[in-house]
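Structure assessment
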Amino acid sequence: MPRQLITSGSPFEPEIGFSRAVRSGNRIEVSGTAPVVNGQTAGVGDCYAQTKAVLGIIIKAVEEAGGKTTDIIRTRIFLTDMSLWKEAARAHGEIFGEIRPASSFIGTSALINPEWLVEIEASAQIEG
């Protein structure tokens, strides 16, 4: 299978020069994904809502690349305020509680937009 580029329509993709996700063979890598829905920050001030929005964008990208939520094997969750980790963890657990990918919670001082509390990267491996 040739390399497949997946776009989410983010205005940052052409500006920065990246794809929301890239599929190469059976591997899908999803770029750092922020809580941007219809060009606006989703859930301003609400880490749980932002995490749900981000995971929805990630799952859509994985599916567009031919994968399923159950193919996700790794998530990396970047938070601007580590005291909010339980909110992000609750949203993550609602989706991945049975799948249980390898996961990291990483504190960072800032993201591109100060309204963003969370940004997530993901990796998927399609079997077969």
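A short tour of the structure in this document, coming up. (Residues numbered from 1 in each chain as written. Predicted model: local features only at pLDDT ≥ 70, side-chain atom pairs only at ≥ 80, totals over all residues. Heavy atoms only, no water.)

**With respect to the pairing of strand β7 (residues 102-107)**
Here is the rule we go by: Should DSSP find at least two bridges between two strands, the strands are taken to pair. Per the convention used, a helix needs a DSSP run of H or I reaching at least four residues, while a strand needs a run of E reaching at least two, with both numbered from the N terminus.
Relative to β7, strand β6 (residues 72-79) runs parallel, the two being bridged by six bridges. Of the residues in β7, the one forming a bridge with Arg74 is Ala102.

**Quick look at the layout of surface pockets**
Sizing a probe to match a water molecule and rolling it over the atoms shows the empty space that remains. In plain terms, the rule: A pocket, in this scheme, is an open set of points on a 1 Å grid over the protein atoms alone with protein on both sides within 12 Å along at least 5 of 7 lines, while a cavity is a set where a 1.4 Å probe fits but cannot get out; residues line either one if an atom lies within 4 Å of a point. Grid points are joined across faces, edges and corners, and a volume is the space filled by probe spheres set on the points. Side-chain classes are defined by residue name, with Ala, Val, Leu, Ile, Met, Phe, Trp, Tyr, Cys and Pro counting as nonpolar, Asp, Glu, Lys and Arg as charged, and the others, Gly among them, as polar.
The computed volume of the largest pocket comes to approximately 420 Å³. For the largest pocket, the lining is made up of 25 residues, of which Ser8, Ser10, Arg20, Val36 and Ile57 are closest to its centre. Those elements that place two or more of their residues in the lining of the largest pocket are α1 (12-17), β3 (27-33), β4 (36-37) and α2 (47-64). In terms of residues, the lining of the largest pocket owes the most to one element, α2, which gives four residues. Grouping the constituent residues of the lining of the largest pocket by class yields 12 nonpolar, nine polar and four charged.

**What to know about the side chain of Ser19**
Where we set the bar: Throughout this description, buried means an accessible area under 20% of the type-specific maximum (1.4 Å probe, protein chains only), exposed means over 50%, and partly exposed covers the range between.
Within the fold, Ser19 resides in the loop between α1 and β2 (21-24). Of the residues examined, Ser19 reaches a relative accessible area of 16% and is grouped as buried.

**Observations regarding the packing of α2 against helix α3 (residues 85-96)**
When two helices pack together, their arrangement is given by the angle between the helix axes and by the axis-to-axis distance. Keep this limit in mind: For helices, the fitted axis covers only the stretch in contact; all axes are lines through C-alpha atoms, and the angles between them, taken along N-to-C directions, range from 0 to 180 degrees. Should the near helix be turned anticlockwise from the far one by less than a right angle, the crossing is termed left-handed; should it be turned clockwise, right-handed. Residue contacts are counted whenever heavy atoms from the two residues lie within 4.5 Å of one another.
One way to put it is that α2 packs onto α3 with a least axis distance of 7 Å and a crossing angle of 35°. For the pair α2 and α3, the crossing hand works out as right-handed. Seen from α2, the contacting residues are Cys47, Tyr48, Thr51, Lys52, Leu55 and Ile59; seen from α3, they are Glu87, Ala88, Arg90, Ala91, His92, Glu94, Ile95 and Phe96.

**As for the packing of aromatic side chains**
Worth spelling out the cut-off: Centre distance within 6.5 Å is the pairing criterion for rings of Phe, Tyr and Trp, where only the six-membered ring of Trp is used; planes under 30 degrees apart are then read as stacked, over 60 as edge-to-face, and the remainder as tilted. Over a ring means this: the NZ of a Lys or the CZ of an Arg is within 6 Å of the ring centre and within 35 degrees of the ring normal.
Per the stated rule, a full pass over the model turns up two aromatic pairs. Relative to Trp116, the ring of Phe12 lies with its centre 5.9 Å away and its plane at 80°, an arrangement referred to as edge-to-face. Of this pair, Phe12 sits in helix α1 while Trp116 sits in the loop between β7 and β8 (118-125), placing them 104 residues apart in sequence. A cation over an aromatic ring shows up here: Arg90 above the ring of Tyr48, its NZ or CZ 3.7 Å from the ring centre.

**Some details on the pairing of β2**
The side-chain alternation of β2 yields one buried face, formed by Ala21 and Arg23, and one unburied face, formed by Val22 and Ser24. Two elements, β2 and β3, share four bridges in a ladder whose sense is antiparallel. In the sheet register, Ser24 faces β3, and the bridge partner there is Arg27. Connecting β2 to the antiparallel partner β3 that follows it, the hairpin turn spans two residues, and Gly25 within it adopts a positive phi of roughly 65°.

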